[in-house]
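# Architecture at a glance
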Amino acid sequence: MELIQNTPDLSAYLAADEVIDHDHPRVRETAARLAKEADDSYAYARLAFEFVRDTIPHSQDSGDPRVTWRASDVLEQRTGICYAKAHALAALLRAEDIPTALCYQRFDVVHGLVAVRFNGAWHRQDPRGNKPGVNAQFSLDGEHLAFTPDPRAHEMDHPVLYAEPHPAVIEALKAATDRPHLWRTLPTAL
């Protein structure tokens, strides 16, 4: 599948905003701590991915009712669904000048992940969090995502790479009073 930037301006994939708030002190501190352990940007990207995947539980898996959506809040509260974890990873990567896009897959609901740009190409990564039956890995040599869409079930990969989170995702996250409420209002299409 060919991935398509929703804006040709690569700097948009480095920008901070209300959601991907990589200018926030909590994001900057976390990024600086991870960067000390990395020899280069590739190693940093892997460390940031593994940090988000492994140390921030997916709220559905852990039973946490809180809904986070801003990257700094995800890092502070240590919880989030796929979208929130993707926002946190995007902020950590952008904090170290690694172009990062938000992208989506459609299953029964829309699933969120990121794409990082290295060597002139985009590489999708899924920081959702592993569990039995889910084994997402950081890779620049082929995808190792949490889920593979089944076209026969009308599941699909969305090819668009967004510089900002999709409005339907943010609307659902901001409106949710808790995770059970969010589960009833997750976007089913983009």
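For the structure itself, consult the block above.
Residues numbered from 1 in each chain as written. Predicted model: local features only at pLDDT ≥ 70, side-chain atom pairs only at ≥ 80, totals over all residues. Heavy atoms only, no water.

Attention now goes to the layout of surface pockets. Put simply, the largest pocket is a space of about 370 Å³. As for the largest pocket, its lining consists of 18 residues, and the residues nearest its centre are F107, V109, H111, F147 and W183. Elements supplying a minimum of two residues to the lining of the largest pocket: α3 (59–62), α5 (82–95) and β3 (110–118). (1 Å grid on protein atoms, 1.4 Å probe; cavity = no way out; pocket = protein on both sides within 12 Å on 5 of 7 lines; lining within 4 Å. Points joined across faces, edges and corners; volume = space filled by probe spheres on them. Helix = DSSP H or I, 4+ residues; strand = E, 2+ residues; numbered from the N terminus.)

On to the side chain of H181. The residue H181 is located in helix α7 (residues 179–185) in this model. Looking at H181, its side chain comes within polar contact range of the main-chain nitrogen of T177, at 3.3 Å. With residues up to four places along the chain from it excluded, the contact list for H181 reads A175 and A176. (Polar contact = N/O pair within 3.5 Å; in protein donor to acceptor, adjacent residues only side chain to side chain. Contact = heavy atoms within 4.5 Å.)

Okay, the pairing of strand β4 (residues 121–125) next. Summarising burial for β4: four of the five residues are buried, a large majority. Pairing analysis gives five bridges linking β3 to β4, with the strands arranged antiparallel. Paired with A115 across the strands is R124, a residue of β4. Hairpin remark: β3 followed by β4, antiparallel, with two residues in the connecting loop; positive phi at N119, about 55°. (Buried < 20%, exposed > 50% of the residue type's maximum accessible area, 1.4 Å probe, protein only. Pairing = 2+ DSSP bridges.)

With that out of the way, let us pick up the pattern of salt bridges. For the structure on display, the rule yields eleven salt bridges. Among the salt bridges present, the one from E143 reaches R124, with a minimum N-O distance of 2.6 Å. Here R124 lies in strand β4 and E143 lies in the loop between β4 and β5 (156–157), a separation of 19 residues in the sequence. Relative accessible area serves as the criterion here: at 43%, E143 is assigned to the partly exposed category. Within this structure, E18, R70, D73 and K174 form a network of salt bridges that share partners. (Salt bridge = Lys/Arg side-chain N within 4 Å of Asp/Glu carboxyl O.)

Across the interface, helix α2 (residues 41–55) lies against α5 with an axial gap of 10 Å and an inter-helix angle of 155°. Viewed along their axes, α2 and α5 adopt a mutual orientation that is roughly antiparallel. When the axes of α2 and α5 are compared, the crossing they make is right-handed. Here Y44, A45, A48, F49, F51, V52 and R53 of α2 lie close against α5, whose contacting residues are K85, A88, L89, L92 and L93. (Axes fitted to C-alpha atoms, helices over the stretch in contact; angles between N-to-C directions. Parallel < 35°, antiparallel > 145°, perpendicular 65-115°, else oblique. Left-handed = near helix turned anticlockwise from the far one by under 90°.)

Okay, the sheet that holds strand β2 (residues 100–106) next. The strand order across the open sheet built from four strands is β4-β3-β2-β5, with neighbouring strands paired in antiparallel fashion. Each having just a single partner strand, β4 and β5 make up the two edges of the open sheet. Sheet analysis places β2 next to β3, joined by seven bridges and oriented antiparallel. Across the sheet, residue L102 finds its bridge partner in β3, namely V114. Sheet strands in contact with α5 are β2 and β3, and its direction is about 15° off that of β3.

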